[in-house]
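So you can see what is in the structure, the chains are spelled out below.
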Amino acid sequence: MTDYEAVILDVDGTIVRGEALLPGVTDGLRALEAAGCSRLLFSNNPTRGADHYGEKLAPHGIDIDPRTVLTSATVSAEYLAATHPDESVYLVGGDRLRAILADAAVDLTTDPDAAEVVLGSFDRNFSFGTLWESLRALEDGVPFYGTDPDATIPVDDGEMPGTGAVLAAMAAVAGREADAILGKPSSVAAAAAMERLDADPRTVLVVGDRLDTDIALGNRAGMETALVLTGVTDRAALADTDADTEPDHVLESLAAVETLL
């Protein structure tokens, strides 16, 4: 039995898959609430802001305060606004992310030759032309960031390519990896989460379905971690985990979180 002050919950693959609520989620959320855990939802989705998840979960009877939601998009926007306030950011990403960045007063440019910072992300319209322009934008060693490392994204009928696939292509042509990932599992993401929760990391439980993002985030930040098997990771994948991505607990679903409380 462990007393947790707070919990960081992944969303896609942990609470929902596509538009469908995963089985037992409501029971798991009720158990966390009954245990007095402060709750933070943290999605690596780079196309959505905080308001989206309140709207997404409300039809399922789950009330979400937007102030208790982080996404890789909002974390990236806050980071770039704070660290590159007067620099032009060239974005490889979608219109929703562009709007979130603009709302955070990030200076955006569509001219690759004017890029002072490059941010790579999920882009449904990614093409050879996009890749060529990103190569131009990445010349002269400008800072290169990614919103998240997720190579695939779980959807209703399987998976689709994610930010990690775009970043891999950009890195290949530029001959260098991104300088930093701003979403999970980065130190930037951990700091943003702890600022929201205001709790000792040792009393925080991270629950998610990805070893390399959710579990790595918690392990690196000194939090306890629980992997749920309702998303992209199955038991076979656990055999290949290293110390950085080995979960403290493995749960069939969020419904089983009650066993940890």
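Everything discussed here concerns the structure shown above.
As the structure is a computational prediction, the values presented were derived from the model and not from experiment. (Residues numbered from 1 in each chain as written. Predicted model: local features only at pLDDT ≥ 70, side-chain atom pairs only at ≥ 80, totals over all residues. Heavy atoms only, no water.)

Visitor: Before we go on, may I ask you to explain the overall build of the protein in this structure?
Guide: A tally of helices and strands in the protein yields 9 helices and 15 strands. Since a compact globule built from 261 residues should have a radius of gyration of about 18 Å, the 18 Å found for the protein is in line with a globular shape. With the C-alpha coordinates aligned to their principal axes, the bounding extent of the protein is approximately 55 × 35 × 35 Å. By the burial criterion, 51% of the 261 residues in the protein qualify as buried. By element, 48% of the accessible surface of the protein is carried by carbon and sulfur atoms, the whole surface being about 11500 Å². (Helix = DSSP H or I, 4+ residues; strand = E, 2+ residues; numbered from the N terminus. Rg over C-alpha atoms; globule rule 2.2 N^0.38 Å. Buried < 20%, exposed > 50% of the residue type's maximum accessible area, 1.4 Å probe, protein only. Areas by Shrake-Rupley, 256 points an atom, 1.4 Å probe, with all protein chains shown as cover.)

Visitor: Please explain the packing of helix α5 (residues 128-137) against helix α6 (residues 163-174) as it appears in this structure.
Guide: Packed helices, taken two at a time, are described by their axes: the angle between them and the distance between them. Here α5 crosses α6 at 55°, and the two axes come no closer than 9 Å. Classified by the interaxial angle, the pair formed by α5 and α6 is oblique. Viewed along their axes, α5 and α6 form a crossing whose handedness is right-handed. In contact with Leu131, Ser134 and Leu135 of α5, α6 contributes Ala169, Met170, Val173 and Ala174. Considering only residue class, the contact of α5 with α6 consists of 6 nonpolar, 1 polar and no charged. (Axes fitted to C-alpha atoms, helices over the stretch in contact; angles between N-to-C directions. Parallel < 35°, antiparallel > 145°, perpendicular 65-115°, else oblique. Left-handed = near helix turned anticlockwise from the far one by under 90°. Contact = heavy atoms within 4.5 Å. Nonpolar A, V, L, I, M, F, W, Y, C, P; charged D, E, K, R; others polar.)

Visitor: Would you explain the packing of aromatic side chains in this entry?
Guide: Two numbers describe a pair of aromatic rings. These are the distance of the centres and the angle of the planes. For the structure on display, the rule yields 2 aromatic pairs. Taken together, a centroid distance of 5.6 Å and an interplanar angle of 80° make the contact between tyrosine 79 and tyrosine 145 edge-to-face. Placement of the pair is tyrosine 79 in helix α3 (residues 72-83) and tyrosine 145 in strand β9 (residues 144-146), with a sequence separation of 66 residues. Classification of tyrosine 145 as buried rests on a relative accessible area of 8%. Considering the side-chain rings of phenylalanine 128 and tryptophan 132, the 5.9 Å spacing of their centres and the 65° angle between planes classify their relative orientation as edge-to-face. You can see phenylalanine 128 and its partner tryptophan 132 sitting in helix α5, 4 residues apart, about one turn around the helix. (Phe/Tyr/Trp six-rings, centres within 6.5 Å; stacked < 30°, edge-to-face > 60°.)

Visitor: Please explain the nonpolar core as it appears in this structure.
Guide: Buried together is how nonpolar side chains tend to be arranged in soluble globular proteins. Formed by 28 residues in total, the largest nonpolar core has its most connected members in Leu9, Ile15, Leu41, Leu205, Val207 and Leu254. Listing elements by their share of this core, those giving two or more residues are β1 (6-9), α1 (25-34), α2 (50-57), β13 (204-208) and β14 (224-228). Broken down by element, the residue count for this core peaks at 4 residues, all from α1. Each residue touching isoleucine 15, except ones within four places of it in the same chain, is listed here: Leu9, Asp10, Ala20, Leu21, Leu22, Val25, Leu41, Leu57 and Leu254. Core analysis: the second largest hydrophobic core is formed by 17 residues, Ala189, Ala192, Ala199 and Leu217 among them. (Core = buried A, V, L, I, M, F, W, Y, C linked by side-chain atoms within 4.5 Å.)

Visitor: Is there a simple way to explain the pattern of salt bridges in this structure?
Guide: Where charged atoms of side chains with opposite charge meet at close range, the side chains can pair. Considering all chains together, one arrives at 10 salt bridges under this definition. The partner of glutamate 78 in a salt bridge is arginine 196, with the nearest N and O atoms 3.2 Å apart. Here glutamate 78, found in helix α3, pairs with arginine 196, found in helix α7 (residues 187-197); they are 118 residues apart in sequence, far enough to count as distant. Looking at arginine 196, the relative accessible area reads 35%, which means it is partly exposed. Two residues, lysine 184 and aspartate 214, come together in a salt bridge whose shortest N-O distance is 2.6 Å. Placement of the pair is lysine 184 in the loop between β12 (180-181) and α7 and aspartate 214 in helix α8 (residues 211-221), with a sequence separation of 30 residues. As far as burial versus exposure is concerned, lysine 184 and aspartate 214 are alike and both buried. (Salt bridge = Lys/Arg side-chain N within 4 Å of Asp/Glu carboxyl O.)

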